[in-house]
Amino acid sequence: MAELDKESVDATPNVTEVATVNAATDTEAVAALDAPVAQGEPILQVRNLVKHFPLTQGILFKKQVGAVKAVDGISFDLYQGETLGIVGESGCGKSTVAKLLMTLERATAGEVFYKGQDITKLSGRALKAVRRNIQMVFQDPYTSLNPRMTVGDIIGETFEIHPEAAPKGERRRKVQDLLDVVGLNPEYINRYPHQFSGGQRQRIGIARGLALNPEIIICDEPVSALDVSVQAQVINLMEKLQDEFNLSYLFIAHDLSIVRHISDRVGVMYLGKMAEIGTDTQIYDHPTHPYTQALLSAVPVPDPDAREGRERIILSGDVPSPANPPSGCRFRTRCWKAQDKCATEVPLLAIPERFKASDTPAAHESACHFAEEKDVVHAA
Amino acid sequence: MLLEVRDLHVEFHTRDGVAKAVNGVNYSVAEGETLAVLGESGSGKSVTAQAVMGILDTPPGRISGGEILFQGHDLLKLKPEQRRRIRGQEMAMIFQDALSSLNPVLSVGEQLGEMFVVHRGMSRGDAKAKAIELMDRVRIPAARERVGNFPHQFSGGMRQRIMIAMALALEPDLIIADEPTTALDVTVQAQVMELLAELQRELNMGLILITHDLGVVADVADRIAVMYAGRIVETAPVHEIYEAPAHPYTKGLLRSIPRLDQKGQELYAIKGLPPNLLHIPPGCAFHPRCPMAQAVCRTDVPPLHTVDEERRSACHFWKETLDAR
């Protein structure tokens, strides 16, 4: 396990570095910084993934009366070493996607290819081998760690399940190395979760995720339970670990600013479907799907001067029930652009025809019949 | 001044010792003004609000000093019955979690109407009509049909609207909103905040908005009070504080949040952890995490220095903080 300076995890980046960030207000200059990661073969390919949870009626003679369509046919790729952010509101199916990729839930239909192998069809030993390479970091560091186990046992448990990862005599040392990597004192190995703060607990969760040297880590709202000042520490740690171990992250969160910060590409989900997907610049600075535009415009920006300058799209109504989603485009019931076509034809996730020929950042996949570019993030 | 909190101290007696949750807080709110109280968990922002509302759990909590002047009268000197009359009529509170703040076995109509029955002595029929009127006012669709529904039959955003309706029922002069949109999705948050701001303007109420979200603050507040370890460390009009914070903690917070409109490199992170309220560091409570800390910070509690007419900063080095932008 590589050495990692504990100081630098907590410590502030040096002053000159911060200065350059602040100076780079020009979006063009910033865009150059987040050039997409070299796109080789995708490490994970998701194709038409579907998960329906049955709704049943009756006690003795259960019959299915419907289904909650939590995930209803989504496709995306995850590349080696990149971070794919998934955003959406509660109930859009983003956490179900995480569970499906972890094979904690069985998919109703569709495929997930990990290095060419469909993991939704695997079981037994073959599944266990794949799971070693796909690990997860959970949202709530207070409930995802067993309060009766020591930190050493929590992280070490992974080696009990996958004994081939570390021989018995070396496990304790390995756990201590892991604690060191995530910026915790290795001497804390015998402490219990309640002796740590929220941010430290999340570090333990990350150490557990790293224990088996996975290639992919699925992070489901990893910082949303943390205080603002601690969030930045954990985000910086995750970025550092990604560079060090060439990890691929699927980063699920509802905080759009954090997702922009950490992601190379971003997918926007609505009611079990992918509404729009592209690089962070494409999604945040050149969104073409009305839902993405509404979502972005609703995020309050920490700048009082933006109050008047930014356009606000206030959506009416609530998200419809995933048990009975609207026909055609699922967003049409709240969309200001909706026409008859939207009720009858499901819009496909593709590069809109009108942008196809040109080389604009708006030319990215968007599932809208009337895709149009609109900047809602920057003040006019 | 509508509300003035002066040198308020609150402590909690726990098995492990005395936790000093609020250590000399001063703030004031005028009619029609929005004051945002910003802080992380454990900073004392909610406890202060609970003390103002008079809903602090005592014991274990205890108000150990200070004054809370509401329209000139010290609330802490009032009898419990007098206090109860003010609560609801003159000041009201909106809580974070509407589902656990509403009574699950009473219909929302009954809960809204109860205000009028208890405080105004109305009949149940009149109270129900009032409840429908209120639900209309916070734009709950089909209010007449839904007045008999129970809290679980509403979505999160609608429940928060019911909370707002309840707080507004008797047209109070002051509303305290404790993280009113934290549990909501962003599109719903935008709806609820807009509604709250509009009603506040209409009724010219004072609003204390308690939050940890720097984005929400920038959006609605007139003034900000930043709290840390039970103290106000900086207070200023909203534009000034975002432009040039005069306290290293505020500065660190502002720099540690990622931006929606641009992609930065590494985030600035405030090192260390918020303090344990049982053992608040001596001197300035922020000194173990502060990049500017000097010897004096470890020994002397910084007073609230006057930066300019409207700004205060509890930092020995506020001048340097302002200059080192």
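Residues numbered from 1 in each chain as written. Chains lettered and ligands numbered in written order. Predicted model: local features only at pLDDT ≥ 70, side-chain atom pairs only at ≥ 80, totals over all residues.

Colleague: How should the overall build of chain B be read in this particular structure?
Modeller: Counting its secondary structure elements, chain B contains 13 helices and 12 strands. Expected size for 325 residues packed as a compact globule is a radius of gyration near 20 Å; at 21 Å, chain B falls within 12% of this value. Once the C-alpha set of chain B is aligned to its principal axes, its extents read approximately 65 × 50 × 40 Å. Taken across its 325 residues, chain B has 49% of its residues classed as buried. (Helix = DSSP H or I, 4+ residues; strand = E, 2+ residues; numbered from the N terminus. Rg over C-alpha atoms; globule rule 2.2 N^0.38 Å. Buried ≥ 20, exposed ≤ 12 C-beta atoms within 10 Å, placed from the backbone.)

Colleague: Could you clarify how one ought to interpret the sheet that holds strand S1 (residues 42-57) of chain A in this entry?
Modeller: Neighbouring strands of a sheet are bound in pairs by backbone hydrogen bonds; such pairs are parallel or else antiparallel. Read across the sheet, 4 strands follow the order S2-S1-S4-S5 (chain A) without closing on themselves; strand pairing throughout is antiparallel. Of all the strands in the sheet, the pair left with one neighbour each is strand S2 (63-79) and strand S5 (117-118) of chain A. (Pairing = 2+ DSSP bridges.)

Colleague: How should I be thinking about unusual backbone geometry in this particular structure?
Modeller: Generally, phi is negative for residues other than glycine and the peptide bonds are trans, each holding for most cases. A cis amide bond links Thr58 of chain B to the next residue, Pro59 of chain B, at an omega of -15 degrees. Tracing the backbone through its elements, the reader meets Pro59 of chain B in the loop between helix H1 (45-53) and strand S4 (61-70). At the junction of Pro59 of chain B and Pro60 of chain B, the peptide bond is cis and its omega measures out at 10 degrees in the coordinates. Looking at the element boundaries, Pro60 of chain B is found in the loop between H1 and S4. Backbone geometry places Asn48 of chain A, a non-glycine residue, at a positive phi of 50 degrees. The topology assignment puts Asn48 of chain A in strand S1. Residue Asn213 of chain A is not a glycine yet carries a positive backbone phi of 55 degrees. Residue position: Asn213 of chain A is located in the loop between helix H8 (198-210) and strand S7 (216-220). With 13 C-beta atoms packed within 10 Å, Asn213 of chain A lands in the partly exposed category.

Colleague: Can you help me understand the domain arrangement of chain A in this one?
Modeller: Buried accessible area, meaning the area lost when the parts come together, often serves as the stated size of an interface. All names here are of chain A. Domain annotation of chain A identifies domain 1 (41-55 + 67-263) and domain 2 (289-366). For domain 1 and domain 2, the distance between their C-alpha centres works out to 29 Å. If you look at the interface, domain 1 gives 9 residues, while domain 2 gives 7 residues. Mapped onto the side of domain 1 that touches domain 2, the elements with two or more residues apiece are S2 and helix H10 (256-262). Among the elements that line the side of domain 1 that touches domain 2, the one with the most residues is S2, at 4 residues. (Domains from an automatic or database assignment. Contact = placed C-beta atoms within 7 Å.)

Colleague: Looking at this structure, I do not really get the nonpolar core. What am I missing?
Modeller: Nonpolar side chains in soluble globular proteins tend to be buried together. Among the nonpolar cores identified, the biggest contains 193 residues, and Ala207 and Leu250 of chain A together with Ala165 and Ile224 of chain B are the most heavily contacted of them. No fewer than three residues from each of domain 1 (41-55 + 67-263) and domain 2 (289-366) of chain A sit in this core. Contact partners of Ala165 of chain B, with chain neighbours within four places excluded, come to Leu112, Leu134, Met135, Arg137 and Val138 of chain B. (Core = buried A, V, L, I, M, F, W, Y, C linked by C-beta atoms within 7 Å.)

Colleague: So what exactly am I meant to see when it comes to helix H8 (residues 186-203) of chain B here?
Modeller: Given 3.6 residues per turn, any residue in an α-helix points the same way as the ones three and four places further on. Residues and elements named next belong to chain B. Between its first and last C-alpha, H8 extends 26 Å over 18 residues, near the 26 Å set by a 1.5 Å rise per residue. Listed in full, the buried residues belonging to H8 are Val186, Thr187, Val188, Gln189, Ala190, Gln191, Val192, Met193, Leu196 and Gln200. Backbone geometry just after H8 places Asn204 at a positive phi near 50 degrees. (Expected span 1.5 Å × (residues − 1).)

Colleague: Sorry, what's going on with the UniProt feature "domain: ABC transporter" (unreviewed entry) in chain A here?
Modeller: Look at the UniProt record and you will see "domain: ABC transporter" (unreviewed entry) annotated at residues 44-296 of chain A. Along residues 44-296 of chain A, the helical share is 35% and the strand share 28%, with 27 Å between the first and last C-alpha atoms. (UniProt positions renumbered as here; feature names shortened; annotations may be inferred.)

Colleague: Sorry, what's going on with the sheet that holds strand S3 (residues 83-87) of chain A here?
Modeller: Residue and element names in this part refer to chain A. The strand order S6-S7-S8-S3-S9-S10-S11 describes an open sheet built from 7 strands, whose pairing is mixed. Across the chains shown, the open sheet's two edge strands, defined by having one partner strand only, are strand S6 (134-137) and strand S11 (365-366). Here S3 pairs with strand S8 (residues 248-252) via 4 bridges, running parallel. Note that in S8 the partner of Ile86 across the bridge is Ile252. Sheet strands touched by helix H12 (residues 290-298): strand S9 (265-270) and strand S10 (273-279). Its angle to S9, the strand with the most contacts, is close to 100 degrees. (Axes fitted to C-alpha atoms, helices over the stretch in contact; angles between N-to-C directions.)

Colleague: Explanation requested: the packing of helix H6 (residues 151-161) of chain A against helix H7 (residues 171-181) of chain A in the structure shown.
Modeller: A pair of packed helices is characterised by two quantities: the angle between their axes and the separation of those axes. Residue and element names in this part refer to chain A. Relative to each other, H6 and H7 sit at 120 degrees, their axes nearing to 10 Å. The handedness of the crossing between H6 and H7 is right-handed. Here Gly152, Ile155, Gly156 and Phe159 of H6 come into contact with H7, specifically with Arg171, Arg172, Val175 and Leu178. (Left-handed = near helix turned anticlockwise from the far one by under 90°.)

Colleague: How should the interface of chain A and chain B be read in this particular structure?
Modeller: In this assembly, 48 residues from chain A lie in contact with 44 residues from chain B. When contributions to the side of chain A that touches chain B are tallied by element, the ones reaching two or more residues are helix H2 (15-23), helix H3 (27-33), helix H9 (228-245), H10, helix H11 (280-285) and H12 of chain A. Broken down by element, the residue count for the side of chain A that touches chain B peaks at 6 residues, all from H9 of chain A.

Colleague: For this particular structure, what's the right way to read the pairing of S7 of chain A?
Modeller: The side chains of a regular strand alternate, residue by residue, between the two faces of the sheet. Residues and elements named next belong to chain A. For S7, a buried count of 4 out of 5 residues is recorded, marking the element as mostly surrounded by other parts of the structure. Strand direction decides the pairing type here: S6 and S7, joined by 4 bridges, are parallel. Residue pairing for S7: Met136 is matched across the bridge by Ile218. The sheet contact formed by S7 and S8 spans 5 bridges and is parallel. Its bridge partner being in S8, Ile216 is matched across the sheet by Ser248. As for the winding sense of the linkage, the β-α-β connection from S7 through H9 to S8 is right-handed. (Right-handed = clockwise from strand over helix to strand, strands pointing away.)

Colleague: Can you help me understand the confidence of the model for chain B in this one?
Modeller: Detailed reading of the predicted coordinates is not advisable wherever pLDDT falls low. Residue and element names in this part refer to chain B. The share of residues in chain B with pLDDT of 70 or more is 100%, and the mean pLDDT across the chain is 89. Predicted confidence in chain B is weakest over helix H3 (residues 98-101), with a mean pLDDT of 81, and strongest over strand S9 (residues 223-228), with 94. Across the interface, the model reports ipTM at 0.82; the global pTM reads 0.84. (pLDDT = per-residue confidence, 0-100.)

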